[in-house]
Amino acid sequence: MPELLQTGGRPDSYRRGSMRSGLVGLGCVVILASTVGTTGCSTTSHSGDAGGNGGSGGPSCSDVTPCGGDIVGTWTVTSSCLKVTGALNLGLFGAGCAFAPVTGSLKVTGTLTANADGTYSDDTTTTGDEQFTLAPSCLVISSAPVTCSGAAGLLKGLGYSSLTCPQAAGGGCTCSGTIQQPGGLGLPSVAASTNGNYTISGNVVTISGDSGDVRYSYCVSGTTTTMTPQSANPTITGSIVLQKSGNSGSGGAGGSGQTGSGGRLAAAGGATGAGGAAGSGGGTVGSGGAGGAGGSVVTAGPCDIYKSGGTPCVAAHSTVRALFGAYDGKLYQVRNSAGTTKDILTLSPGGFADGPSQDAFCAGTTCVITVVYDQSGKGNDLWYQGSTMVPGSSVNLPSRATTESLTLSGHKVYSLYINPNNSYWVDASRSGIALGSQPEGMYMVTSGKHFNSGCCFDYGNSEVDRMADGPGTMDAINLSSITAWGTGAGTTGPWVMADLEFGIFAQNSFAKNPSDPAQTSTYVTAVLKNNGTTEFALRGGNAASGNLSTYYKGGLPGGGWNPMKKQGAIVLGSGGDCCRPGPNMGGNASAGTFYEGCIVSGYPTDATENALQANIVAAGYGK
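Some thoughts on the overall build of the protein chain
Now for step 1: Assigned secondary structure in the protein chain consists of four helices and 36 strands.
Now for step 2: Going through the 623 residues of the protein chain one by one, you find that 62% of them count as buried.
Now for step 3: Within the protein chain, contacts between residues at least 6 apart in sequence are counted, and of these 70% link residues at least 24 apart.
Now for step 4: When the accessible surface of the protein chain is totalled, it reaches about 18400 Å², and 53% of it is carbon and sulfur.

Here it is, written out as structure tokens:
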């Protein structure tokens, strides 16, 4: 699906809109919100700004007069006042209008700990409300028309606990949202961090998390700290007042990992692998047995299974294990804050990732994942959009490498943890990937615990020009709670769906598919296959146990989706037109987790996919 369009400026100039996709304008600056500071630091008052907390009659919220100081310690928010005014940057969302007028107010409770080693932990909760209007022209999002309800569904995942957008009498929508968010230091965000790193320069503190850097002016006076966010589009006025407690904050959070808003605890324990279930039917290779402590997972990997079924892999990506039984090369690369890089390898042929080597390399620094290597030999390495290999707009960032760890059969490994403005891409059109109406299949192991309703957490075939080129120009698996187009059963998701461009599909129309259940498992297998002319299928299941179920198998959507018009790029983490460089370009609105996945040429049989699932279960996710 088409992605966010950037209207210019630094990520923090639109209040973390680049991180929350800019949709509601509450995303670009993580802030600590407080009332007028009267306990030691000077403030500058902004009284009765039009459209503030209920308009000119609302209370004033004062900015701090910055003076700097030592913020090490544990600080409790004693009062808070933030006013939201100005214009939301809807251009970042790819909406038909660039901006929407907004008013609102926020407050914060809880504590912030700044450690002497430059790390922080955030135990605050942000609450508040916003009101904004969408003109009729706004109701084209990601190049597809949406209703007011559909627009609300896309926006809700970007920091709102609830959002309604009833249709306005004169056209367009009037939207009202409430916020109740753990972490994030005062600003709603799809990737609100509860820990990370901070730096001080003069009278400005810069807080870093999964979504990038955010800045505040601040002043410490005795045991009181007052802070004001540096933000625009929309404008935020106000400050926070925090009182220092007896905790020195010197212990340190350690490392560089951040917990995103949908974050999960690392899987614990881990037994050595037991014998895996054999692959079923169709003459495909069985999944083999899970290996022991030596690091060998299975006798055959997913791509061996696909090949035996007559549908060879043209791309194979994973941060957790080898996807060929004989593969013993590079899985991904991490880069630390000094700019040094390290390739993370398998422990043995067909084995797990060497997670401990990442731990050693990233200790005491911040690490990001720059590239996920292709194991197929086709050279389809996925570099982050914004890198020198895949230039991107200024809002794009590599994924943090240490956000989530897990175990596979007792081996510690790391996921590719996608937050807004993380996306990976390669032009694979000359490598044998399906083009036009040629058939193909794909799968990914993802998570039902880290997702949102932003567009679009995809893995699969996309446009080579990184533009929305019309129906059928994408063929990618999507896991999300998007409701603007097709959906699965219930109302919350996430669902296994297909991004076929100009729409997300749970079946061959934008209607609800009651046979496509919400995926609530920590580890989810999502499968898509598309013969390009008459049929596509969606399948899924728990990646830690059990079998695949078929959620849809039938005709392609009518109109421009039949036949397909696949172009042969590969995207991971975003929709197809995300992130290209230049003015009016932008970033990714979605969140999700990627552990492994393959793309194959040809139309796989159900038997091949059943054997694939047995192989995935045998790998021992979370064990």
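Brief notes about the sheet that holds strand 16 (residues 313–318)
Now for step 1: Read from one edge of the open sheet, six strands run 16-36-26-31-32-33, paired in antiparallel fashion. Because the sheet does not close on itself, it has two edges, and the strands there are strand 16 and strand 33 (549–554). Each adjacent strand pair in this sheet contributes to an overall mean axis angle of 5°, direction not counted.

Concerning the state of the cysteines
Now for step 1: Scanning all chains against the criterion turns up nine disulfides.
Now for step 2: For Cys 148, the disulfide goes to Cys 173, at an S-S distance of 2.0 Å. Torsion about the S-S bond of the Cys 148 and Cys 173 cystine: about -85°, corresponding to left-handed handedness. Of the two residues, Cys 148 sits in helix 1 (residues 148–156) while Cys 173 sits in strand 10 (residues 173–182), which places them 25 residues apart along the sequence. As far as burial versus exposure is concerned, Cys 148 and Cys 173 are alike and both buried.

Re the environment of Ile 418
Now for step 1: When you line up the elements, Ile 418 lands in strand 24 (residues 416–418).
Now for step 2: Those residues in contact with Ile 418 that lie beyond four places of it in its chain are Ser 399, Tyr 424, His 450, Phe 457, Gly 573, Asn 588, Ser 590, Ala 591 and Gly 592.

Observations regarding the environment of Pro 517
Now for step 1: Its location among the elements puts Pro 517 in the loop between strand 30 (504–505) and strand 31 (524–530).
Now for step 2: Take Pro 517: its relative accessible area is 31%, and that puts it in the partly exposed class.
Now for step 3: C-alpha separation for the pair Pro 517 and Tyr 551, spaced 34 residues apart in sequence, amounts to 7.8 Å.
Now for step 4: Beyond its immediate sequence surroundings of up to four residues, Pro 517 is in contact with Ala 489, Pro 494, Trp 495 and Tyr 551.

Describing the nonpolar core
Now for step 1: Judged by nonpolar contacts, the single largest core of 70 residues is most densely connected at Tyr 443, Ile 570 and Tyr 621.
Now for step 2: Aside from chain neighbours lying at most four places away, what touches Tyr 621 is Val 320, Leu 406, Thr 407, Leu 408, Val 445, Tyr 523, Ala 543, Ala 544, Tyr 595, Glu 596 and Ile 616.
Now for step 3: Formed by 38 residues, the second largest nonpolar core is a distinct cluster that contains Leu 90, Cys 173, Ile 179 and Leu 187.

Here's the deal with the confidence of the model for the protein chain
The predicted coordinates of low-pLDDT regions are not to be read in fine detail.
Now for step 1: Overall, the prediction assigns the protein chain a mean pLDDT of 83, with 80% of residues at 70 or greater.
Now for step 2: Of the regions scoring below 50 in pLDDT, residues 2–43 engages in 242 contacts with residues more than four places distant in sequence or in other chains.
Now for step 3: When the criterion is pLDDT under 50, residues 46–58 qualifies, and its contacts beyond four places in sequence or with other chains add up to 31 contacts.

Describing the packing of aromatic side chains
The description of an aromatic ring pair uses the distance of the two centres, along with the angle that the planes make with each other.
Now for step 1: In the structure shown here, the tally under the stated rule is nine aromatic pairs.
Now for step 2: Arranged with centres 5.1 Å apart and planes meeting at 50°, the rings of Tyr 459 and Phe 594 form a pair that is tilted. Taken as a pair, Tyr 459 in strand 27 (residues 458–462) and Phe 594 in strand 35 (residues 592–594) lie far apart in primary sequence, 135 residues in all. Take Tyr 459 and Phe 594: they sit in the same class, and that class is buried.
Now for step 3: Taken together, the ring pairs in this structure connect Phe 505, Phe 510 and Trp 561 into an aromatic cluster.
Now for step 4: Between the NZ or CZ atom of Lys 330 and the centre of the ring of Tyr 373, over which it lies, the distance is 4.3 Å.
Now for step 5: For the cation-ring pair, Lys 529 lies above Tyr 603, with the distance from its terminal atom to the ring centre recorded as 5.3 Å.

Section: the pairing of strand 32 (residues 536–542)
Now for step 1: The buried count for strand 32 comes to six of seven residues, which makes it a mostly enclosed element.
Now for step 2: Alignment of strand 31 against strand 32, held across seven bridges, turns out to be antiparallel. Bridge assignment links Leu 528 to a residue of strand 32, and that residue is Leu 538.
Now for step 3: Where strand 31 folds back onto strand 32 in an antiparallel hairpin, the turn is made up of five residues, including Gly 532, whose phi is positive at roughly 85°.
Now for step 4: Where strand 32 and strand 33 come together, five bridges link them in antiparallel fashion. If you follow Ala 537 over to strand 33, its bridge partner there is Lys 553.
Now for step 5: Linking strand 32 to strand 33, which pair antiparallel, is a turn of six residues; within it Gly 546 sits at a positive phi near 85°.

Considering the pairing of strand 29 (residues 495–499)
Now for step 1: Here strand 29 lies mainly inside the structure; five of its five residues are buried.
Now for step 2: Both faces of strand 29 are covered, namely the face carrying Trp 495, Met 497 and Asp 499 and the face carrying Val 496 and Ala 498.
Now for step 3: Pairing of strand 29 with strand 30, which is carried by two bridges, proceeds in the antiparallel orientation. Each bridged residue has a counterpart across the sheet, and for Ala 498 the counterpart in strand 30 is Phe 505.

Here's the deal with the pattern of salt bridges
Oppositely charged side chains can form a pair if their charged atoms are brought close together.
Now for step 1: If you walk through the whole model with that rule in mind, you get nine salt bridges.
Now for step 2: The closest approach of N and O atoms between Lys 330 and Asp 343, which form a salt bridge, is 4.0 Å. Of this pair, Lys 330 sits in strand 17 (residues 330–336) while Asp 343 is found in strand 18 (residues 341–345), placing the two residues 13 residues apart along the sequence.
Now for step 3: Taking relative accessible area as the criterion, Lys 330 reaches 35% and is therefore assigned partly exposed.
Now for step 4: A residue is classified by how much of its surface remains accessible, and Asp 343, at 27% relative accessible area, is partly exposed.
Now for step 5: Here Lys 566 makes a salt bridge to Asp 475, at a shortest N to O gap of 3.5 Å. Taken as a pair, Lys 566 in the loop between strand 33 and strand 34 (569–572) and Asp 475 in strand 28 (residues 475–480) lie far apart in primary sequence, 91 residues in all.

Some thoughts on helix 1
Now for step 1: With respect to burial, helix 1 is a largely interior element, seven of its nine residues being buried.
Now for step 2: For helix 1, the secondary structure elements touched by its buried residues are strand 6 (119–134), strand 7 (140–141), strand 9 (162–164) and strand 10.

Thresholds, definitions, all that
- Residues numbered from 1 in each chain as written.
- Predicted model: local features only at pLDDT ≥ 70, side-chain atom pairs only at ≥ 80, totals over all residues.
- Heavy atoms only, no water.
- Helix = DSSP H or I, 4+ residues; strand = E, 2+ residues; numbered from the N terminus.
- Buried < 20%, exposed > 50% of the residue type's maximum accessible area, 1.4 Å probe, protein only.
- Contact = heavy atoms within 4.5 Å.
- Areas by Shrake-Rupley, 256 points an atom, 1.4 Å probe, with all protein chains shown as cover.
- Pairing = 2+ DSSP bridges.
- Axes fitted to C-alpha atoms, helices over the stretch in contact; angles between N-to-C directions.
- Disulfide = S-S within 2.5 Å.
- Core = buried A, V, L, I, M, F, W, Y, C linked by side-chain atoms within 4.5 Å.
- pLDDT = per-residue confidence, 0-100.
- Phe/Tyr/Trp six-rings, centres within 6.5 Å; stacked < 30°, edge-to-face > 60°.
- Lys NZ or Arg CZ within 6 Å of the ring centre and 35° of its normal.
- Salt bridge = Lys/Arg side-chain N within 4 Å of Asp/Glu carboxyl O.

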